[in-house]
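# An overview of the molecular structure
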Amino acid sequence: MKIVIVIGYHKKESFNHQGIVETIISECKKNAIECYLIDLYEDNFNPSHQPDNKIKIQHYQELLQSATHHIYVSPVWWFRCTSMLEGFFDQIFTPSFAYNFKQITKTYGIPVPKLGDKRVLTYLTHGAPALPVYTIYLNSVWGRLQLGVFSFVYGWFKPKIRQFFSVPFCSERTRKKYLEIVKKDIQKEIKKYYEKRK
């Protein structure tokens, strides 16, 4: 079992880094699970200029290919992931590596995922409360990521996307509950992985 975590957020003191990422790494260490962190800011990844990233792109693709589990962590900015993580998706999830198109007619085709064997978890943190995100904005962050990105790469509705709300404003007790969810997710994934190999 090998987990690759990807984060594109510059605030090291944030709940994303010190809370979610550190919880995942801690659970991996406790269970002797191989875990690799891709910190896009630490790596000076350029989210908008692919030629700067040629060596990094190859390295990231090799890491993702070799891993059994992909985990993405991001705050939500303007109803999307951070520009760093969005740039990662744009440059890493390329045709032939992440998906191919299967021709259906002369003018239409469908994407065929090439990373469908991977287990995927995504943790998104919102400043907003849940009610407007789910109602007024029709859960558009989840929908765009699940349908517009992950369906091409991993398959329809295979990735699990967790959304944590009001993170800058919620109580410490609520944050601990969020981290307990992360912890249990990792424990479940470890258990599933080894049960399949019995």
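This text follows the structure it describes.
Residues numbered from 1 in each chain as written. Predicted model: local features only at pLDDT ≥ 70, side-chain atom pairs only at ≥ 80, totals over all residues. Heavy atoms only, no water.

We now examine the packing of aromatic side chains. Counted according to the given criterion, the structure contains 25 aromatic pairs. A ring pair is formed by tryptophan 156 and phenylalanine 157, whose centres lie 6.0 Å apart and whose planes are at 45°; its orientation type is tilted. Classification of tryptophan 156 by relative accessible area gives exposed; the value is 60%. Members of the aromatic cluster, connected to one another through ring pairs, are Phe45, Tyr60, Tyr72, Phe88, Phe89, Phe93, Phe150 and Tyr154. Over the ring of tyrosine 193 we find arginine 197, and its NZ or CZ is 3.8 Å from the ring centre. (Phe/Tyr/Trp six-rings, centres within 6.5 Å; stacked < 30°, edge-to-face > 60°. Buried < 20%, exposed > 50% of the residue type's maximum accessible area, 1.4 Å probe, protein only. Lys NZ or Arg CZ within 6 Å of the ring centre and 35° of its normal.)

On to the pattern of salt bridges. When their charged atoms lie close together, side chains carrying opposite charge are able to pair. Applying the stated criterion across every chain yields a total of 9 salt bridges. A salt bridge links glutamate 86 to arginine 80, with the nearest nitrogen and oxygen atoms 3.4 Å apart. Relative accessible area serves as the criterion here: at 4%, glutamate 86 is assigned to the buried category. According to the relative accessible area criterion, arginine 80 is partly exposed, its value standing at 38%. Notably, a salt bridge pairs glutamate 86 with arginine 144, separated by 2.7 Å at the nearest N-O pair. On the criterion of sequence distance, the pair formed by glutamate 86 in helix α3 (residues 83–92) and arginine 144 in helix α5 (residues 140–153) is long-range, its members being 58 residues apart. A residue is classified by how much of its surface remains accessible, and arginine 144, at 29% relative accessible area, is partly exposed. Linked by salt bridges that have partners in common, Lys12, Asp39 and Glu42 make up one network. (Salt bridge = Lys/Arg side-chain N within 4 Å of Asp/Glu carboxyl O. Helix = DSSP H or I, 4+ residues; strand = E, 2+ residues; numbered from the N terminus.)

This brings us to the pairing of strand β3 (residues 69–75). Burial within β3 is extensive, with 7 of its 7 residues counted as buried. Burial along β3 is two-sided: His69, Ile71, Val73 and Pro75 and His70, Tyr72 and Ser74, pointing in opposite directions, are all buried. Where strand β1 (residues 2–7) meets β3, 5 bridges bridge the pair, whose relative direction is parallel. Residue isoleucine 3 lies in a different strand from β3, and its bridge partner there is histidine 69. Where β3 lies against strand β6 (residues 119–125), 7 bridges are found, and the strand directions are parallel. Bridge pairing links histidine 69 to arginine 119 in β6. (Pairing = 2+ DSSP bridges.)

So, about the sheet that holds strand β2 (residues 34–39). Reading across the sheet, the 5 strands line up as β2-β1-β3-β6-β7 and stay open at both edges, with parallel pairing between neighbours. Every other strand in the sheet has two partners, leaving β2 and β7 (160–164) as the edge strands with one partner each. This sheet shows a mean twist of 15° between the axes of neighbouring strands, independent of strand direction. When β6 meets β7, the two strands line up parallel, connected through 5 bridges. Following the sheet pairing, leucine 121 is matched in β7 by lysine 160. In this fold α3 packs onto β1 and β3, with an angle of close to 145° to the strand it touches most, β3. (Axes fitted to C-alpha atoms, helices over the stretch in contact; angles between N-to-C directions. Contact = heavy atoms within 4.5 Å.)

A word on the packing of helix α1 (residues 15–30) against helix α6 (residues 172–196). Here α1 crosses α6 at 35°, and the two axes come no closer than 10 Å. Crossing angle aside, the handedness with which α1 passes α6 is right-handed. Contacts between α1 and α6 involve Phe15, Gly19, Ile20, Thr23, Ile24, Glu27 and Lys30 from the former and Arg175, Tyr178, Leu179, Val182, Lys183, Ile186, Gln187 and Ile190 from the latter. Among the residues making up the contact of α1 with α6, the classes are represented as 8 nonpolar, 3 polar and 4 charged. (Left-handed = near helix turned anticlockwise from the far one by under 90°. Nonpolar A, V, L, I, M, F, W, Y, C, P; charged D, E, K, R; others polar.)

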